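# Examining the three-dimensional arrangement
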Amino acid sequence: MKKKTNILIYPILAVICLIWAFPLIWAVITTFHPSSMVVKFSLKPVFTLDNLKEVFYAAPFLQYGINTLIIVCGILAVQLITITLGAYALARVEFKGKSVAMAIIMMQIIIPADILILSNYQTLKSLDLIDSRLGIMIPYFASSMGLLLLRQAFKGIPAALVDAAKLDGASVLQTLRYIFIPCTKSAYVSFAICSISTHWNNFLWPMIVINSPEKRPLTMGLVLFAKANDSGPMWALVTAATLLVMAPLFIMFCIFQKQFVASFVMSGIK
């Protein structure tokens, strides 16, 4: 009976996966088909790179990509430092107000970030950081989700390893470098994927902060490009631009998907 149930489950799962993947499949097919074939059905196998070439030269997506890389990598670099130190304190250091700190971190996860847009904008304006890439990055230099993820990973490190490091005269930073960080690589990879994908796709906050065209990230460039090409046959170009923007994230996830899943299984986060 169990084998029959398994046989029925696999086709159902295959259908669900196909439905979930259909938008991506449609986007790929539309991208590599001529624009004239988007609004009509045809089984004729026609392949072209003209849409990608036209998109690449129609808008400065290379500059948008460089801006996005600077923003994403800058945020991630600072986040890795703040969450490492914070997670170590929450996992291994006993101090007054620890439970309060954990409650505040949990509240920050629950509260949507968009609620803080006005106060963040006013703060950046007083610091004269409006219309700058640094202005986009500053509000995200700390991550409550990263703190929680690493805290769970650090709590899984055997106390014997930490005690041995202390006996050898290792400082806190040396213990972090040689024990905690190497033993929780999967957690760091998982957090890096989440951070990069979140800020790669962030649109609202950059739209509020950035005014200069040369400082726009990919999401702003894609939306403005789509608005300029919203007529029927031009949807092939819009789809090609969308695929161009999402391709790096998709490739990155495919490479690191095992570490990504393993990290959340280890931390107990679903």
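Keep in mind that what you see is a predicted model, and the values were worked out from it rather than measured.

Let us now look at the confidence of the model for the protein chain. A residue-level look at the protein chain finds 87% of positions with pLDDT of 70 or above and a mean pLDDT of 82. Across the protein chain, the element-wise mean pLDDT spans from 75 in helix α13 (residues 235–267) up to 93 in helix α6 (residues 133–137).

With that settled, the discussion passes to the packing of helix α4 (residues 98–110) against helix α7 (residues 144–155). Orientation of α4 relative to α7, taken along the N-to-C sense of each, is 125 degrees, at an axis distance of 8 Å. Judged by the angle between their axes, α4 and α7 are oblique. Crossing hand, α4 versus α7: left-handed. Here Met102, Ile105, Met106, Gln108 and Ile109 of α4 come into contact with α7, specifically with Ser144, Met145, Leu147, Leu148 and Arg151. Of the residues contributing to the contact of α4 with α7, the split by class is seven nonpolar, two polar and one charged.

Within the chain, aspartate 128 stands out as a residue other than glycine whose phi angle is a positive 60 degrees. Tracing the chain through its elements places aspartate 128 in the loop between α5 (117–126) and α6. Among the residues examined, aspartate 128 registers a relative accessible area of 68% and is labelled exposed.

Reading the values: rules and limits
Residues numbered from 1 in each chain as written. Predicted model: local features only at pLDDT ≥ 70, side-chain atom pairs only at ≥ 80, totals over all residues. Heavy atoms only, no water. pLDDT = per-residue confidence, 0-100. Helix = DSSP H or I, 4+ residues; strand = E, 2+ residues; numbered from the N terminus. Axes fitted to C-alpha atoms, helices over the stretch in contact; angles between N-to-C directions. Parallel < 35°, antiparallel > 145°, perpendicular 65-115°, else oblique. Left-handed = near helix turned anticlockwise from the far one by under 90°. Contact = heavy atoms within 4.5 Å. Nonpolar A, V, L, I, M, F, W, Y, C, P; charged D, E, K, R; others polar. Buried < 20%, exposed > 50% of the residue type's maximum accessible area, 1.4 Å probe, protein only.

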